[in-house]
Amino acid sequence: MKLHRLIAAITFAAVIFGASAQSPKYIFYYIGDGMGLGPVMAAETYNRTILKNDKPLTMMQMPVVGWAMTYSASGNVTDSAAAGTALSTGNKTNNYMLGMAPDTMSVYSITKPLAEMGYGIGVATSVAPDDATPAAFYAHVPNRAMYYDIDAQLASSGFQFIAGAGLRGTRKDGKDTDIYERLAKENVQVLRGPSQVKDMSAGRVLLLNTDGHGDNNISYTIDSVAGVLTLPVIAETCLRQLERTSPDRFFMMLEGGNIDHALHGNDGGAAIKEIINFNEALEVAYNFYLEHPDETLIVVTADHDTGGLSLVSPRGAKGGLANIDWQKVSKEAFSNYCKSVLRSRMVYTWDDMRTYLSENLGFFSHIKLSPEQEEELHKRFDETFSMRNSADQKTLYASFNAFAVEVFRIFNDAAGLAFTTMNHSGNPVPVFAVGVGAEKFKGLNNNTGIPKAIIDTVEGR
């Protein structure tokens, strides 16, 4: 084990002494959290049949296509911490561990040798920047929930740009921690929301979501929340900062974390809209590649599959994926609406709910329910809102009101989206690449091979 690590350390150290003329100056590493083969194909089918685009998603236009296995050191089904560690360091580890081998010895992300070579580093996400995948690029902790320790390492990372929803380690045991003092000491400029992007001026920047919004994610694309960050804006801002501070060479990791959140909730419509949004953020990198084709590498993959999603024939209603465009709220937002009604103790009738469902999910007006479906839904409404006799459905990131669960079960059936789990699966994930060294990513990969192939490309091998 020690010899293996020594060899790996020597390999990484060799990068420091220089790269060949064929090395990429600009590396973009895009990770769709939970974005397995099923979600990608569902999004591409929506792109082709509903949006009527004559070109596939940008990732599917890339000339090199492969797939990767995602198992962790502790199980056939990985969590995001172990998967992030594999994708950032090239090492398998146990679930919930970040930047550490199973024996808790620290293993280092490819950002370490790249930074030592003079690459500027940007790490950004649509969820919290101290969440598993982004944290795997700078943190070393035995448990991904150690947010204070992760945030302290974020502050000292030296990265030129980090972005996401919010930090979870700024309060502990009901009290403020010293994280913002640490950031200030490290000369990190903290900006909040898209309105402050114009003020970016420091060598190191932390971009967080607008004040008053949750720390777990920047909000779902489908909810159209005004004034919050979006993944394309984060991508553009990260690129601008890296071009300003490290114009000669840089590395940028961008995670579409909300894809995973939607898939955990079995919210097929929201997940597809998140992948379309991720694709828009990918176009930022792809347009840069078109201007610098001989100096740029783009790699797109996922840390794991979530939900075991399959595209199937619509059941119980016609319309299929076209029904997604009648969805105006995420499952999480709808569940929160239901809970707010329950908390208010207001008089809320079935007719009130029918109106809401028609206006926000297309029920009755565009998604026709059979008499049996409407009767069952009405019964579930009475159990939840009148008798208050129903249990919430708990997932990794949310707890869903029982009525919302039934509504979205019907909606998924109508859209032709079938889930096998609310957790991760052991399914392989796609790998797409274009640019310098892209051929190294074709065929069957293990997720640990992806960062190693990036380093090989930098070394010119």
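For clarity, every value in this text was computed on a predicted model and none was experimentally measured.

The rules we used
Residues numbered from 1 in each chain as written. Predicted model: local features only at pLDDT ≥ 70, side-chain atom pairs only at ≥ 80, totals over all residues. Heavy atoms only, no water. Helix = DSSP H or I, 4+ residues; strand = E, 2+ residues; numbered from the N terminus. Rg over C-alpha atoms; globule rule 2.2 N^0.38 Å. Contact = heavy atoms within 4.5 Å. Areas by Shrake-Rupley, 256 points an atom, 1.4 Å probe, with all protein chains shown as cover. Lys, Arg positive; Asp, Glu negative; His and termini not counted. Charge placed at Lys NZ, Arg CZ, Asp CG, Glu CD. Phe/Tyr/Trp six-rings, centres within 6.5 Å; stacked < 30°, edge-to-face > 60°. Buried < 20%, exposed > 50% of the residue type's maximum accessible area, 1.4 Å probe, protein only. pLDDT = per-residue confidence, 0-100.

### Notes on the overall build of the protein chain
Each helix and strand in the protein chain was counted, giving 15 helices and 18 strands. Over its C-alpha atoms the protein chain spans a radius of gyration of 22 Å, differing by no more than 12% from the 23 Å that the globule rule assigns to 461 residues. In terms of overall dimensions, the protein chain has C-alpha extents of about 70 × 50 × 45 Å along its principal axes. Considering only contacts in the protein chain between residues 6 or more positions apart, those separated by 24 or more positions represent 74%. When the accessible surface of the protein chain is totalled, it reaches about 18,300 Å², and 52% of it is carbon and sulfur. In the protein chain, the 40 positive side-chain charges and the 50 negative ones have mean positions that sit 2 Å from each other.

### Notes on the packing of aromatic side chains
Scanning all chains against the criterion turns up 25 aromatic pairs. Seen from their ring centres, Tyr286 and Tyr289 are 5.5 Å apart, and the 35 degrees between their planes marks the pair as tilted. Here Tyr289 and Tyr286 lie together in helix 10 (residues 268–291), a separation of three residues that amounts to about one turn. Overall, Tyr286 belongs to the buried group, its relative accessible area being 18%. A ring pair is formed by Tyr337 and Tyr348, whose centres lie 6.2 Å apart and whose planes are at 70 degrees; its orientation type is edge-to-face.

### Some remarks on the environment of Ala136
Residue placement: Ala136 occurs in the loop between helix 5 (132–135) and helix 6 (147–155). Ala136 gets classed as buried once you look at its relative accessible area, which sits at 2%. Taking C-alpha positions, Ala136 is 9.2 Å from Ser80, a pair spaced 56 residues apart along the chain. Ala136 has contacts with Gly84, Thr85, Ser88, Thr89, Leu98 and Ser109, leaving out every residue within four places of it along the chain.

### Considerations on the confidence of the model for the protein chain
In regions of low pLDDT, the predicted coordinates are not meant to be interpreted in detail. Predicted confidence across the protein chain gives a mean pLDDT of 93, with 94% of residues reaching 70 or more. Residue range residues 1–21 is modelled with pLDDT below 50. Its contacts to residues more than four positions away, or to other chains, number 24 contacts.

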